[in-house]
Amino acid sequence: MRSHAQAVVIGGGVIGCSILYHLAKLGWTEVVLLERDELTSGSTWHAAANIHGLHDSTNISRLQHYTMRLYKELEAETGQSCGVFQPGSLYLAQTQNREHQLRLQAAKAKLYGMNFHEVSRDEAERLHPLVDFDGIRCIMYEPDGGNVDPSGVTAAYAAGARARGAEIHRFTPVTATERQADGSWIVRTPKGDIATPWMVNAAGLWGREVAALAGLTLPLQPTEHQYFVTETIAQIAAMTRRLPSVADRDGEYYLRQEGKGLLIGAYERDVRLWAEGGTPLDFAHELFADDLERIEANMLRAIDRVPVVGTAGIKRVINGPMIWSPDANVLMGPVPELPGYFCCNGIIPGFSQSGGMGLMAAQWIVEGEMMYDMFPWDMARFGAWADSRFTKARVRNQYAHRFSIHFPGEEREAGRPVRTRPVYQTQQAMGAKFGLNYGWEHPAYFDAETPDTAGFTRQGWWHSVGREARALRDSGGIIDISNFAKYRVTGPGAEAWLNAVFANRMPRVVGRSCLTPLIGKRGGIAGDFTVTRLGDEEFWVIGSGMAERYHARFFRQVPLPEGTTFESMTEAMCGFNVAGPKSREVLQRLTNAALATAEFPFMASRWIDLAGVRVLALRVSFTGDLGWELHCAAQDQARLYAALLAEGQGMGIGPVGSRALMCLRLEKGYGSWSREYSPEYWPQEVGLARLCKLDKEFLNKDALLKVIDLPARETIVILALDEDAVIASGADATGGEPIFRGGQGVGRVSSGGYGYSVGRSLALGFVKAGMAEPGDRVQVMVLGRPHGAEILAAPPFDPEGVRLRA
């Protein structure tokens, strides 16, 4: 066994072997995988191993298609069979919402050249004559869907890795992981120790236990999961071809051919958590006792849809463990607080995603960044606030609602609240409906009478959000912005450090602010920030709250100069944005500080006293209207809020939630982190090139120089959808919808909603270079159906910024 390795992968399941294979494929041949038992131990060996390409997330769809293609390539490369069966998959919609979901996925498939299309009932019956299609609204067909052999796939990854020089050591448990002073790791085993700069936790059911060796707690929880295989079914035995799998997610089961019978699995509502105190170290290829009564309701729905199931005997039952994260996505990426420690844990659709996941992990480790923006997979989306109580509650919800549609902007109550601000109860009493933002309860809208429902079409709260947005444009609004990430940098090296981190030049005048990108390893936008100079040696930095732990990785890459401090103020400080045409008037009533433009211009900042509360006031507003951000100590939040609400009441100024804010920023064409700004997009593609100062050094400038002069691959645009089409469908764009022109795919929506103050349904999106220009007509595939739209030449609200700078 090597004593030194470029990377050590812990865990010999399908994901660990895929990561090892892709590391070797990218040129890292001195890599080692350690498995405590036999390869595939834990969850891999008993997986149903279904594969499919389409996902609500475009990037996850890309990676799932990569995985499906890779299996055939692995077989040719290694000579090891992956047991690939691809008779196709039929996707059934019993409800209107499911039909919307499938039609939108079909539109995405057309845009990205993926094979997923609608078929008639006659064609579906020809493909699968055992299914009763009564009551089905639409049927989609994915010709490449199917299943693989779990052991075969894992063995193929292992063979491919070994052929490139990688080592695999079975029956080699890891007993300790020790971080060294230089940031590297020592991985200790009974067979010897390995020194490595990269340690990869892909330990599956034991991900928590391996993490604990490094003092790390991961939000993971295993559950039981059952499927069964029937005895031989005569109709199947008589067939000369393999039946496609059936995805009847409204029925909450999955079904495919297995041998001459059928495999049927379910995610039942009666969830069973397992190993809540830790996964037993002697568990390997064991199963749990059968408990089919718990999935009886799901089985009966499967029998209604495929009647032969009701007369078939049961050949075997698999009841085994699988391990979940709170949102059922993988926990992936370097641990921000432990450089050199990489996680890949909590994988559910492992055989649909194993190849893509291995590729992304290897790219991140070897090249410093993935080719796609995969923030929904980034382990940094959770912090210490995702404790055991929250994790268990969310896992129960995710398992029980595995096949439920995750609607755009949907908020689920399980495990909440976790973190609240001092004004939480006040906002509750005012009728606030809350969303979850990096653990914080954050007001989405205010209306005690209107429940927070979810769907693809406009919900009842659409009108509530409209009232808030119009009120802000007419008079003003008070928006809680405490969820923004806030940092304080002080000391003699503060300015130099910030200039070394960010692409823009830091303000040189006290009381001035600047906007600046953070550049990623491939030259894309890793973040966007507002930086304010508060003193000769003091700066205030504001960024995305949900990305605070994500951005910590970048900040740690630039050493702080001696005597300089960097601290997060997100928990210690709260804030409000008071915006709208009367915002100056209402604030002036509460302070003696001069707020007129001559004394307090746009992008200026200073400490002021407001209603007896010391606040940092910044003359900026994400609404695109006249406004100030006001940041105060958390203990003063309630007093400040009460004063703002009381003074604003007589002026038509009241609370405004985050959903209205998102609509207001669309009217102005402002981009948002993880939607319009991401590492996939270059500065010149999102209008931020002018903020990159190439005459100074900054983090990843070398990567930016390689792309900054290249022509934009695509450009950001603002679109207005035709009102008649929107009224007919009852839906606005929300993000992810393809954009077509003349039947040709030209782009996709990044975010959308309704511009209440301009009376138009709006969307921000990206179009391929040269494919469409302002003034052109296009079709936006809202609900998977074409909605006419125009690419606007300018934002519909205050395009010249007159109100913003008033």
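Once a new chain begins, its residue numbering starts again from 1 and follows that chain's sequence as written. With the structure being a predicted model, the display of local features is reserved for residues of pLDDT at least 70 and the display and counting of side-chain atom pairs for 80 or more, all residues being used for whole-chain, interface and lining totals. Excluded from the side-chain calculations are hydrogens and water; all other atoms, namely the structure's heavy atoms, are used.

A short note on the UniProt feature "domain: FAD dependent oxidoreductase" (unreviewed entry) in the chain
Part 1: UniProt positions are given in the numbering used here, feature names are shortened, and annotations may be inferred rather than shown by experiment. This chain's UniProt record puts "domain: FAD dependent oxidoreductase" (unreviewed entry) on residues 7-364.
Part 2: Here a strand is any run of E in DSSP of at least two residues, a helix any run of H or I of at least four, and the numbering for each starts at the N terminus. Secondary structure across residues 7-364 comprises 30% helix and 25% strand; the distance between its end C-alpha atoms is 12 Å.

Brief notes about the nonpolar core
Part 1: In this structure, I19, L23, Y71, Y157 and M332 are the most contacted members of the largest nonpolar core, which totals 52 residues.
Part 2: Those elements that provide at least two residues to this core are β1 (7-10), α1 (14-25), β2 (31-34), α2 (58-78), α5 (150-163), β19 (341-345) and α9 (350-367).
Part 3: For this core, the leading source of residues is α9, giving eight residues.
Part 4: Not counting chain neighbours up to four residues away, the residues in contact with L23 comprise A7, V9, W28, V31, A362, I365 and V366.
Part 5: Listed in part, the 40 residues of the second largest apolar core include L498, V531, L688 and V707. Grouping buried Ala, Val, Leu, Ile, Met, Phe, Trp, Tyr and Cys residues that are joined through side-chain atoms within 4.5 Å yields what is termed a nonpolar core. Partly exposed residues are those whose accessible area sits between 20% and 50% of the maximum for their type, while under 20% is buried and over 50% is exposed, using a 1.4 Å probe and protein chains only. We call two residues in contact when some of their heavy atoms are within 4.5 Å.

What about the pairing of strand β35 (residues 744-755)?
Part 1: The element β35 is largely enclosed, with a buried count of ten among its twelve residues.
Part 2: At least two bridges found by DSSP between two strands is the condition for calling them paired. Here four bridges tie strand β34 (residues 738-741) to β35, and the two strands are oriented antiparallel to one another. Across the sheet, I739 pairs through a bridge with G747, a residue of β35.
Part 3: Where β34 folds back on β35, the antiparallel hairpin that results is connected by two residues, among which G742 adopts a positive phi of roughly 60 degrees.
Part 4: Sheet topology note: the β35/strand β36 (residues 760-768) ladder contains eight bridges and is antiparallel.

Remarks on the domain arrangement of the chain
Part 1: What marks off one domain from the next here is an automatic or database domain assignment. Split into domains, the chain comes out as domain 1 (1-80 + 148-219 + 329-376), domain 2 (418-449 + 460-482 + 574-670), domain 3 (485-569 + 680-707) and domain 4 (711-805).
Part 2: Here domain 1 and domain 2 have C-alpha centroids that lie 45 Å from each other.

Regarding the pattern of salt bridges
Side-chain pairing between opposite charges can occur once the charged atoms of the two side chains come close.
Part 1: Here a salt bridge means any side-chain nitrogen of Lys or Arg lying within 4 Å of a carboxyl oxygen belonging to Asp or Glu. Scanning all chains against the criterion turns up 53 salt bridges.
Part 2: Residue E276 is joined to K392 by a salt bridge in which the shortest nitrogen-to-oxygen separation is 3.0 Å. Within this pair, whereas E276 is found in the loop between β16 (261-266) and α8 (296-305), its partner K392 is found in helix α10 (residues 388-400), the two being separated by 116 residues in sequence.
Part 3: With a relative accessible area of 42%, E276 lands in the partly exposed category.
Part 4: D732 is paired through a salt bridge with R458; the nearest N and O atoms lie 2.8 Å apart. Of this pair, D732 sits in the loop between α19 (723-729) and β34 while R458 sits in the loop between β21 (440-446) and α12 (461-474); the two residues are 274 residues apart in sequence, bridging distant segments of the chain.
Part 5: Using a relative accessible area of 25% as the deciding quantity, one classes R458 as partly exposed.
Part 6: Each of E99, R103, E118, R137 and R785 takes part in one network of salt bridges that share partners.

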